[in-house]
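Coordinates in review
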Number of protein chains: 2
Amino acid sequence: MNLAESIQQGDRRALARGLTLVENETPEGVALLAALGSGGTAHRIGITGPPGAGKSTLVSALIAAWRATNATVGVLAVDPSSPFTGGALLGDRIRMLAHTADEHVFIRSLASRGALGGLAAGVYNAADLLDAAGFDPVLLETVGVGQGEVEICRAADTTVVVLAPGSGDIVQGMKAGLLEIADILVINQADREGADALEAALQSAVELRDAVAPPIVRTIATRGEGVPELRALLDERAAAGAEVLAARRLERARARLRAAADRHRAEAFWTSHGEALETAAVEVAEGRLSAAAAVSRLLEDERR
Amino acid sequence: MNLAESIQQGDRRALARGLTLVENETPEGVALLAALGSGGTAHRIGITGPPGAGKSTLVSALIAAWRATNATVGVLAVDPSSPFTGGALLGDRIRMLAHTADEHVFIRSLASRGALGGLAAGVYNAADLLDAAGFDPVLLETVGVGQGEVEICRAADTTVVVLAPGSGDIVQGMKAGLLEIADILVINQADREGADALEAALQSAVELRDAVAPPIVRTIATRGEGVPELRALLDERAAAGAEVLAARRLERARARLRAAADRHRAEAFWTSHGEALETAAVEVAEGRLSAAAAVSRLLEDERR
């Protein structure tokens, strides 16, 4: 039995091996995705928000809700903020909370190794694989608030932004553009002081957007409160299907193909122009050549 | 008198106009940089750290120290975290604090407009222009903590990371890789509780680095305390000159040329392959084509 078949039979080790292959964009990974077909039926849900908002508890509660109706759930926990990551990743915490023994839940941590572009490509591919392997929904978790999170959430059909009262999160969230990409806003720890103020602030913030204002849901994830409402909103989007998600999926495909082609072209170019780059860099560093002139020289071959 | 000459004569309006040209990488901007020569003598100092660490007060105190010895100071205040920026930029705050009337201090805010790559290129060019116009040092300020800040600091000869006690900044700073890029660490607001604990934590954190541990300086910027010590460290690095900074400058030139060439090549490619991208994106979005196959097809023309 080959790897694609083993994955389709639900072999978790095969899936883990497959994920490593596609994450790193190996030729075997490309072949594996081709063998499995392109999937594309799973609802891909990005869940993001600042640390401390209770994301992992909320995700754990959501998983339990899906499991209660026999959905199989794939989770990719991504930390785009740094290759120098220290603490435990979200995925580890979710695992600790509950679902390790459940064979219908698959959780994987993806860490940034170097360029953001490479990580985003790995996330796209890993989500494709989980999708093709029959997981639905596929969750894309991110840790933190930043440009990287926004990037990762582009791989999702639906983006859920989780905030908590009284943490000043909203300012950070707005700066990072998180509110701009939210399809659903969650106020977790809604029993804490400041929930009303946060909701009011969110209301006025989202009214500034060009797009339709996203619904705001209050949850207390530790007690499961609000989780059915959140799940209902997510199911609604998934059920609306093509109409609601088509534009998002087209945009995602466009961005993904563009980035992948750019990466391949750049790799090929520098493989043959590495020496020319070194020479030019030395001249620029020593102030003998302007950067613009150096770039023109590097591109000259191609223009001819 | 042409623009380059006006800038060399110290005409501030000409400088402002020139910065707009080079920031946006216009052909006129490229010509202007060529006319001015490549500069390359100014000490480029990146100053970064989380909001609330007192960066703008510290920068203001540093500017005063440099002005006292007749240095002319250029400041580029950069917010890479978001195109949706709301609050006042660092540059505005520095301006308010002091140096508006001083013709030997030039402060400019650069905001992110879209891609991070484009912003970084604008920062490189703007620093080149200030350098060529005779400003030394040139400060590159960033607001916040993230991959964008690390990116911007690559344009600096020397990176100063500013933290304050009792804010949990160190964890965020480590995650974002800020401690990895610090040449000098500043504990500002050093009279606050927690300064000793922060220093101890920084000490153990920097010992994990491969490179030489950076010096740690304590400042109380509001009273100017520690500022002469910080300035002395910066002057020391500038005086050491070529030996200390050569490797950094070469690395910077390499990254800069590579990014600029990639950007130009991608632009040219998508100008002629825009339609092919749309077609492929639709097929991928509808699940009729795998992303890998789509990318191969897009690159086929070129490979032949």
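Summing up its helical and strand segments, chain A has 13 helices and seven strands in all. The buried share among the 304 residues of chain A stands at 47%. Here the contacts in chain A between residues at least 6 apart in sequence split such that 75% fall between residues at least 24 apart.

Residues and elements named next belong to chain A. The element strand 1 (residues 44-48) is largely enclosed, with a buried count of five among its five residues. Taking every second residue as pointing to the same face, both faces of strand 1 are buried, with Arg44, Gly46 and Thr48 on one and Ile45 and Ile47 on the other. Where strand 1 meets strand 4 (residues 138-142), four bridges bridge the pair, whose relative direction is parallel. Within the sheet, the bridge partner assigned to Ile47 lies in strand 4 and is Glu141. Here strand 1 pairs with strand 5 (residues 158-163) via four bridges, running parallel. Across the sheet, Gly46 pairs through a bridge with Thr159, a residue of strand 5.

On to the environment of Leu257 of chain B, then. Assignment of secondary structure puts Leu257 of chain B in helix 12 (residues 242-285). Sequence separation between Leu257 of chain B and Ala121 of chain B is 136 residues; the distance between their C-alpha atoms is 9.5 Å. Apart from the residues lying within four places of it in its own chain, the contact partners of Leu257 of chain B are Leu277, Ala280, Ala281, Val284, Ala291, Ala294, Val295 and Leu298 of chain A.

A word on the packing of helix 2 (residues 12-23) of chain B against helix 3 (residues 27-36) of chain B. All names here are of chain B. With their axes 7 Å apart at the nearest point, helix 2 and helix 3 run at an angle of 115 degrees to one another. Crossing angle aside, the handedness with which helix 2 passes helix 3 is left-handed. Residues Gly18, Leu21 and Val22 of helix 2 form the contact with helix 3, whose own contacting residues are Glu28, Gly29, Leu32 and Leu33.

Let's shift gears to unusual backbone geometry. All names here are of chain A. Of note, the bond from Asp136 into Pro137 is cis; its omega dihedral lies within 30 degrees of zero at 5 degrees. Note that Pro137 resides in the loop between helix 6 (116-132) and strand 4. Within the chain, Gln189 stands out as a residue other than glycine whose phi angle is a positive 55 degrees. Relative to the assigned elements, Gln189 resides in the loop between strand 6 (184-187) and helix 10 (195-206).

Here the focus is the confidence of the model for chain A. When pLDDT drops low, the exact placement of atoms in the prediction is not to be read closely. Residue and element names in this part refer to chain A. In the predicted model, chain A carries a mean pLDDT of 82, and the fraction of residues at 70 or more is 81%. Within chain A, the element-level pLDDT minimum falls on helix 5 (residues 90-97), averaging 56, and the maximum on strand 7 (residues 216-218), averaging 96. The model gives residues 82-88 a pLDDT under 50, and that stretch makes 17 contacts with residues more than four places away or in other chains. Here the complex is predicted with pTM 0.69, and the ipTM for its interfaces comes to 0.73.

What counts and what doesn't
- Residues numbered from 1 in each chain as written.
- Chains lettered and ligands numbered in written order.
- Predicted model: local features only at pLDDT ≥ 70, side-chain atom pairs only at ≥ 80, totals over all residues.
- Helix = DSSP H or I, 4+ residues; strand = E, 2+ residues; numbered from the N terminus.
- Buried ≥ 20, exposed ≤ 12 C-beta atoms within 10 Å, placed from the backbone.
- Contact = placed C-beta atoms within 7 Å.
- Pairing = 2+ DSSP bridges.
- Axes fitted to C-alpha atoms, helices over the stretch in contact; angles between N-to-C directions.
- Left-handed = near helix turned anticlockwise from the far one by under 90°.
- pLDDT = per-residue confidence, 0-100.

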